[in-house]
Amino acid sequence: MAALTRPATGGSGGVGGASGPRQPHVLSNRWLQALAVIVVFVAGYFLFRRLGSPSWAGPFPTGIGDEFMAWLDGVYAWIVENRNTSPLFLYGFNYVSVGLGSAVVLINRILDMLTWSGVTVIGVLGAWRVAGWRVALLVLATFAVFALTGLWNESMTTLALIITSVSIALLIGIPLGILAGRSDVFYRVIRPVLDFMQIMPAFAYLLPFVLLFGIANPAAAVVTAVYAIPPAVRITALGIREVPKGAVEATTSLGSTPWQILTKVQLPMAKRTILLGVNQTIMLAVSMVVIASVIGAGGLGDAIYQALAKVNVGEAFQAGLAIVMLAIAMDRVTGAVGHGAHTPNIAPRFQLPILGAGLIVVIVVVTAARAMGVRGWPRDLSVDLSAPVNAFYEALQDGIGTYTAALSEWTLTWVLSPLSNLLTGSPWWFVLIVAAALAWIFSGWRAGLVSAASFLVIGLLGVWVNAMDTLSQVLVAALVTIVLGVVVGVLMSRSDVFATILRPILDAMQTLPPFVYLIPAVAFFTIGRVPALVAAVVFALPAVIRLVNDGVRGVPAGTKEAALSQGSTRWQLLSKVELPMARGSLLLAVNQGIILVLSMVVMGALVGAGSLGFDVVFGLAQNELGLGLASGLAIVCLGLFLDRLTQGRRAPRA
């Protein structure tokens, strides 16, 4: 029993000896070290201000960045000029672009040919067959929303883009995942690439593909596919690796070839895991295809984009409702395919006749609809929700607008602006040193070097001031997210009833595309930096709450009982036992929370948050690809810094 109460040693590598455990020196506390660095940073800021902010103590010089952006603009101009003559584009990217654009158009035409009634019947029958009648009703409700909101055509465009991009992602991702599952060398090579791709905010993906494929559906399909590939690769590799070695060895000993082992053993046994990867790929594609409206993808995302640009909350709500229903329906259908829990139990002898009957129903419905000249849902039969929603929005603003405006003003004046001034008004090299020092304290010297390099690159890109302003927004939103997430996560771990109520809400929130979170934020706080922060907090909260809850619940019951038997209070149990033992999950929660906040804060440019996100959108809108690309790269550097800062000295194996 003595081993039970033995205190854990710190990470400094103390060697156990006969003298017993040593008490760590107070200066070895990382939080105190970090606090000291922050105090020095703030003191340095005021010192440099007293010196009159000399030129050597200002923001990063923009000369190199301006030249880089001008060079990128020149590259873009060359591409535009030579897109139809250069062999690189003539026999390469243009073929891909035309092929993808044609695929999207072809799928859209097929959906149009099937008419709204045929698409609905196919969707409902397919959902019933793979996921049961409840999900079939959900799919029916989804198509009803598409029709009644007058967004049928936009929904079919979004569906065509999702089908195209998911097909590409799976065609590339699953073979790569199989290779990574069977080869340790390939897995080690591809793993950092996947990590990097999953750190990158969605906005940062847009510019490079616009450069290569132009603006419109082809670029949207490629960027969506690339964004959705990592889970397909990673989860497929995980499924292959989790196949019991005994089963593989037994098959090998019977003389099976590698192909037979793959197709007869590994893929069938990893089927459920691979289908989970397909589900995640589809969900990422849904979220990205909405964001891709910024580069002319059209569809439901464009409807929201246009509505937010006009601050028309009613129209944004209509399109947002359609996207939410689409995301939930696709999640439920693909999730059910994976676990098969609600699939109707049909005897094998009836399966073929039922399939035939379903085909006959579809043919009859489509033929009848086309004979009557029906295609998409008639717009004059739609229900305009925008007017009542806008009326509600105005009433809401009349009722609480004064308070939300006061809260926004207070946040800007007392929190956001001072922090932004601190970061943008300090010497660039001072900020770089502080960032490297914090990363070194929390995550080691490698993280410190990566952080210093990230800030140096941001400076060289010429977008230092906007990057620091974005960082200030991320830090504020991340702090609120982590505090709220830890509190709610701990409460969730304490009460099974609360957890039962909250879990489906978190599931639904994690299903929604990030774009949708901007709509209620605008409804409450209109436009500006504060609604972007609010949307970022709400967007990142579910992941943080869930990870904290899982971490606290994962503490062994025996350990908790031992602490209680020794007279620990509930607060002592939480602060001395549960939270320290859940450190891995808490670190992961902080890491995921900050990365999600970054991706959403950048997206907040669409509602007036400015900074790097605005530069990306402005670069796309005004054909200033240099500014857009430089801002996109700076977003990646910020993501790299925040990721390394919050990984901890020992990355959690989870």
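Worth saying up front: this structure is predicted, and the values here are computed from it rather than measured. (Residues numbered from 1 in each chain as written. Predicted model: local features only at pLDDT ≥ 70, side-chain atom pairs only at ≥ 80, totals over all residues. Heavy atoms only, no water.)

1. Structural notes on the overall build of the protein chain
Thought 1: A tally of helices and strands in the protein chain yields 27 helices and zero strands.
Thought 2: Against the compact-globule benchmark of 26 Å for 654 residues, the protein chain has a radius of gyration of 27 Å, which places it among compact chains.
Thought 3: Referenced to the eigenvectors of the C-alpha coordinate spread, the extents of the protein chain come out at roughly 85 × 65 × 60 Å.
Thought 4: Burial statistics for the protein chain: of 654 residues in total, 49% are counted as buried.
Thought 5: Taking as baseline every contact in the protein chain between residues at least 6 positions apart, the subset at least 24 positions apart corresponds to 81%. (Helix = DSSP H or I, 4+ residues; strand = E, 2+ residues; numbered from the N terminus. Rg over C-alpha atoms; globule rule 2.2 N^0.38 Å. Buried < 20%, exposed > 50% of the residue type's maximum accessible area, 1.4 Å probe, protein only. Contact = heavy atoms within 4.5 Å.)

2. Focus: the UniProt feature "domain: ABC transmembrane type-1" (unreviewed entry) in the protein chain
Thought 1: Within this structure's numbering, the places UniProt gives as "domain: ABC transmembrane type-1" (unreviewed entry) are residues 155–334 and 467–646.
Thought 2: Overall, residues 155–334 shows 84% helix and 0% strand. The separation of its end C-alpha atoms is 19 Å.
Thought 3: Annotation note: span residues 467–646, helix share 84%, strand share 0%, distance between end C-alpha atoms 19 Å. (UniProt positions renumbered as here; feature names shortened; annotations may be inferred.)

3. A closer look at the side chain of Thr149
Thought 1: Along the chain, Thr149 falls in the loop between α5 (133–148) and α6 (152–182).
Thought 2: Side-chain polar atoms of Thr149 contact the backbone oxygen of Val145, separated by 2.5 Å.
Thought 3: Once you skip the residues sitting within four places of it in the chain, Thr149 turns out to touch Gln318, Ser382, Val383 and Leu385. (Polar contact = N/O pair within 3.5 Å; in protein donor to acceptor, adjacent residues only side chain to side chain.)

4. So, the domain arrangement of the protein chain
Thought 1: If you check the domain split of the protein chain, you get domain 1 (90–241 + 270–343) and domain 2 (384–653).
Thought 2: Centre-to-centre separation of domain 1 and domain 2, based on C-alpha positions: 25 Å.
Thought 3: Of the residues lining the interface, 41 residues belong to domain 1; the matching set on domain 2 comes to 38 residues.
Thought 4: For the pairing of domain 1 and domain 2, the buried interface totals around 3300 Å² over both sides, and the portion due to carbon and sulfur atoms is 86%.
Thought 5: When the buried area of domain 1 at its contact with domain 2 is split by residue, Ile199, Phe203 and Leu207 rank highest and sum to 22% of it.
Thought 6: At the boundary of domain 1 with domain 2, the tally comes to three residue pairs in polar contact (both at pLDDT 80 or more).
Thought 7: Going through the elements one at a time, α7 (184–199), α8 (206–213), α12 (271–291), α13 (299–309) and α14 (313–339) are the ones with two or more residues in the side of domain 1 that touches domain 2. (Domains from an automatic or database assignment. Buried area = accessible area lost by both parts, 1.4 Å probe.)

5. What to know about the pattern of salt bridges
Thought 1: For the structure on display, the rule yields nine salt bridges.
Thought 2: With its nearest N and O atoms 2.6 Å apart, the salt bridge here joins Glu578 to Arg494. Placement of Glu578 in helix α24 (residues 570–581) and of Arg494 in helix α19 (residues 464–494) is noted, with a sequence separation of 84 residues between them.
Thought 3: The exposure class assigned to Arg494 is partly exposed, which follows from its relative accessible area of 31%.
Thought 4: Between Arg546 and Asp507 there is a salt bridge whose closest N-O contact spans 2.6 Å. (Salt bridge = Lys/Arg side-chain N within 4 Å of Asp/Glu carboxyl O.)

6. Structural notes on the environment of Ile527
Thought 1: Take Ile527: it is sitting in the loop between α21 (518–525) and α22 (529–553).
Thought 2: Leaving out residues up to four positions away in the same chain, Ile527 has contacts with Val311, Val522 and Val607.

7. Describing the nonpolar core
Thought 1: By size, the foremost hydrophobic cluster in this structure holds 179 residues, and its most contacted members are Phe203, Leu206, Ile295 and Phe455.
Thought 2: For this core, the leading source of residues is α14, giving 14 residues.
Thought 3: Of the domains in this structure, domain 1 (90–241 + 270–343) and domain 2 (384–653) are the two that each give at least three residues to this core.
Thought 4: If sequence neighbours within four positions are ignored, Leu206 has contacts with Val223, Met288, Ile291, Ala292, Val294, Ile295 and Leu620. (Core = buried A, V, L, I, M, F, W, Y, C linked by side-chain atoms within 4.5 Å.)

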